[in-house]
Amino acid sequence: QVQLVESGGGLVQAGGSLTLSCAASGRTFTSLPMGWFRQAPGKEREFVAHISWSGHTTYYADSVRGRFTISRDNAKNTGYLQMNSLKPEDTAVYFCAARSPYYHGSDYSGDYSYWGQGTQVTVSS
């Protein structure tokens, strides 16, 4: 089992920045590909970014590419999502997720077995 806990959400003005963290426990984090997803009110959960278990490969949704950066520190069992140039349409609950060891990252939420509880990000205009 893997437990994931997000933190770092909050209220920020458009154009601002936030860094989300995802602390993992319960299983060797270093072998788990990780992803970030978000869900806005009344909308389906959507893919944001994913990173391989090694950290060498990353992938982003078109809507965030160039503004967001996903990373991980395996020594700290923590993943990160650095969000810059935030827009009101980035407002959502952000979730981190992990999938089975040594798989590739995925933009499909169904591929992930472990989820955090989410952290709210609100971007004001």
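Everything here concerns the structure above.
Residues numbered from 1 in each chain as written. Predicted model: local features only at pLDDT ≥ 70, side-chain atom pairs only at ≥ 80, totals over all residues. Heavy atoms only, no water.

A. Spotlight on the pattern of salt bridges. Tallying each qualifying case throughout the model produces four salt bridges. Of the charged contacts in the structure, one is a salt bridge between R38 and E46, with a shortest N-O distance of 2.5 Å. With relative accessibility at 5%, the residue R38 sits in the buried group. Since its relative accessible area comes to 35%, E46 is described here as partly exposed. (Salt bridge = Lys/Arg side-chain N within 4 Å of Asp/Glu carboxyl O. Buried < 20%, exposed > 50% of the residue type's maximum accessible area, 1.4 Å probe, protein only.)

B. Seen up close, unusual backbone geometry. Its identity is not glycine, yet N77 carries a phi of approximately 55°, on the positive side. What makes N77 partly exposed here is its relative accessible area of 29%.

C. Highlighting the side chain of R67. Of note, R67 is situated in the loop between β6 (58–60) and β7 (68–73). A distance of 2.9 Å separates a polar side-chain atom of R67 from the backbone oxygen of S63. Side chain to side chain, R67 and D90 meet in a polar contact 2.7 Å long. Those residues in contact with R67, other than ones at most four positions away along the chain, are Q82, M83, N84, S85, L86, K87 and D90. (Helix = DSSP H or I, 4+ residues; strand = E, 2+ residues; numbered from the N terminus. Polar contact = N/O pair within 3.5 Å; in protein donor to acceptor, adjacent residues only side chain to side chain. Contact = heavy atoms within 4.5 Å.)

D. Expanded view of the packing of aromatic side chains. Summed over all chains, the structure comprises seven aromatic pairs. Plain terms: the ring middles of F37 and F47 are 5.8 Å apart, the flat faces sit at 70° to each other, and that makes the pair edge-to-face. Residue F37 is found in strand β4 (residues 34–39), and its partner F47 is found in strand β5 (residues 46–51); the two are separated by ten residues along the sequence. Taking relative accessible area as the criterion, F37 reaches 1% and is therefore assigned buried. Arranged with centres 5.0 Å apart and planes meeting at 85°, the rings of W53 and Y102 form a pair that is edge-to-face. Linking W53 in the loop between β5 and β6 with Y102 in the loop between β9 (92–98) and β10 (114–115), this pair joins segments that are 49 residues apart in sequence. Residue class for W53 comes out partly exposed when judged on its relative accessible area of 35%. For Y102, a relative accessible area of 55% puts it in the exposed group. (Phe/Tyr/Trp six-rings, centres within 6.5 Å; stacked < 30°, edge-to-face > 60°.)

E. Looking closely at the environment of A24. The topology assignment puts A24 in strand β3 (residues 18–25). With relative accessibility at 11%, the residue A24 sits in the buried group. Along the chain, A24 and C96 lie 72 residues apart, while their C-alpha atoms are 9.8 Å from each other. A24 has contacts with Q3, L4, F29 and N77, leaving out every residue within four places of it along the chain.

F. Spotlight on the state of the cysteines. On inspection of all chains with the given rule, the structure shows one disulfide. Linked covalently through their sulfurs, C22 and C96 form a disulfide whose S-S length is 2.1 Å. Looking down the S-S bond of the C22 and C96 bridge, the torsion is 60°, so its handedness is right-handed. Taken together, the residues C22 in strand β3 and C96 in strand β9 connect sequence positions 74 residues apart. The class of C22 is buried, set by a relative accessible area of 0%. (Disulfide = S-S within 2.5 Å.)

The quantities given are spatial measurements derived from coordinates; they are silent on function.
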